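# Survey of secondary and tertiary structure
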Amino acid sequence: MKEISSLRMILFGNMDEQFIRCESILGKNYIDKLKNKTVAIFGLGGVGGYVVEALARSGISNFVLIDNDTISTSNLNRQIFALHSTIGEYKTEIARKRILDINKNANVVTYNIFYLPDNKSDIDFKSYDYCIDCIDTITSKIDIIEECYKNNVKIISSTGAGNKLDPTMLRVSDIYKTEMDPLAKVLRKELKSRNIPSLKVVYSIEKPVNSVIVDENNKNRHAPSSLVFVPATMGLIIAKEVLLDLLKEE
């Protein structure tokens, strides 16, 4: 082990060993390019949690986390912050602790709010370099996108991960080129009516499956359902896009 450490010192000097593998593929001093960048993540569920995880492990140090939800038992099947030990805790707080456990030098600001147009004044969009929309409430999504567009802030949005099974059918595209996604269809129409010309999204070309839940009255009802594979992969793809976009700016 001492020989390996010595070899690393010869090859990489005093560079923080934590990010050696990142720097070898992303380029020398890439951490310096990211150190003043701030990303805001709206929604820390099945998609947003994996966005946070990947960005923290890739060298992003300044996070703003927006979510008012707490961990529930039903989150255990797909959300990275969901453990039996975290049930009932705010997702923002669990995410903050996890980020700092990955990168002790990170800065994390949290907002325990459900973002709506009525409380947008709580969020300082101008101070962010990139916004990541991982929520599924259409009114809130549209408002976040509008605020980013008005303030010239980069943004990427997730579309529908529910009722999808195949992560290999995820794509990165502009919202106006999407297909086979009901949420994206609504979003296209709304953004067009607001004269927003483009939006980078991650979406699935897979046809949604029908899911049925038996409720407490023993009646079948259609409801969005999800396994871990699609939302987790969607989150990792979004994180990759954000990281590379930020590095292109330098």
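Refer to the structure presented above.
Quantities reported herein were computed from a predicted structural model and do not represent experimental measurements. Every chain's residues receive numbers from 1 upward, in the order its sequence appears when written. Residue-level local features of this predicted model are given only where pLDDT is at least 70; pairs of side-chain atoms are given and counted only at 80 or more, and the full residue set underlies all totals for whole chains, interfaces and linings. Excluded from the side-chain calculation are hydrogens and water; included are all heavy atoms of the structure.

### What to know about the side chain of Ser204
Convention followed: In this description a helix means any DSSP run of H or I spanning at least four residues, a strand means any run of E spanning at least two, and both kinds are numbered starting from the N terminus. For the exposure calls, accessible area comes from a 1.4 Å probe over protein chains only, and a residue counts as buried if that area is under 20% of its type's maximum, exposed if over 50%, partly exposed in between. Counted as a polar contact is a pair of N or O atoms within 3.5 Å, where, for protein atoms, one must be capable of donating a hydrogen and the other of accepting one, and residues adjacent in sequence contribute only when both atoms are in side chains. The contact criterion used is simple: two residues touch if any of their non-hydrogen atoms lie within 4.5 Å.
By the secondary structure assignment, Ser204 is in strand E7 (residues 200-204). Taking relative accessible area as the criterion, Ser204 reaches 0% and is therefore assigned buried. One polar contact links the side chain of Ser204 to the main-chain amide nitrogen of Glu206, over a distance of 3.0 Å. Apart from the residues lying within four places of it in its own chain, the contact partners of Ser204 are Thr159, Lys164, Met169, Leu170, Glu179, Met180 and Asp181.

### Description of the nonpolar core
Rule in force here: Nonpolar cores are built from buried Ala, Val, Leu, Ile, Met, Phe, Trp, Tyr and Cys residues. Side-chain atoms within 4.5 Å join them into one set.
Ranked by size, the top nonpolar core spans 44 residues in total, and within it Val39, Leu55, Phe63 and Ile132 carry the most contacts. Broken down by secondary-structure element, the contributors of at least two residues to this core are helix H3 (30-34), strand E1 (38-42), helix H4 (48-58), strand E2 (62-66), helix H5 (91-102), strand E4 (130-133) and helix H8 (229-248). With 10 residues, the top contributor of residues to this core is H8. Among the nonpolar cores identified, the runner-up in size contains 25 residues, and Ala40, Phe42, Ile175 and Leu199 belong to it.

### Thoughts on the pairing of strand E3 (residues 107-111)
Stated precisely, the cut-off is as follows: What makes two strands pair is DSSP finding at least two bridges between them.
Pairing between E2 and E3: five bridges, direction parallel. Bridge pairing links Asn62 to Asn107 in E3.

On their own, these measurements won't tell you what the molecule is for.
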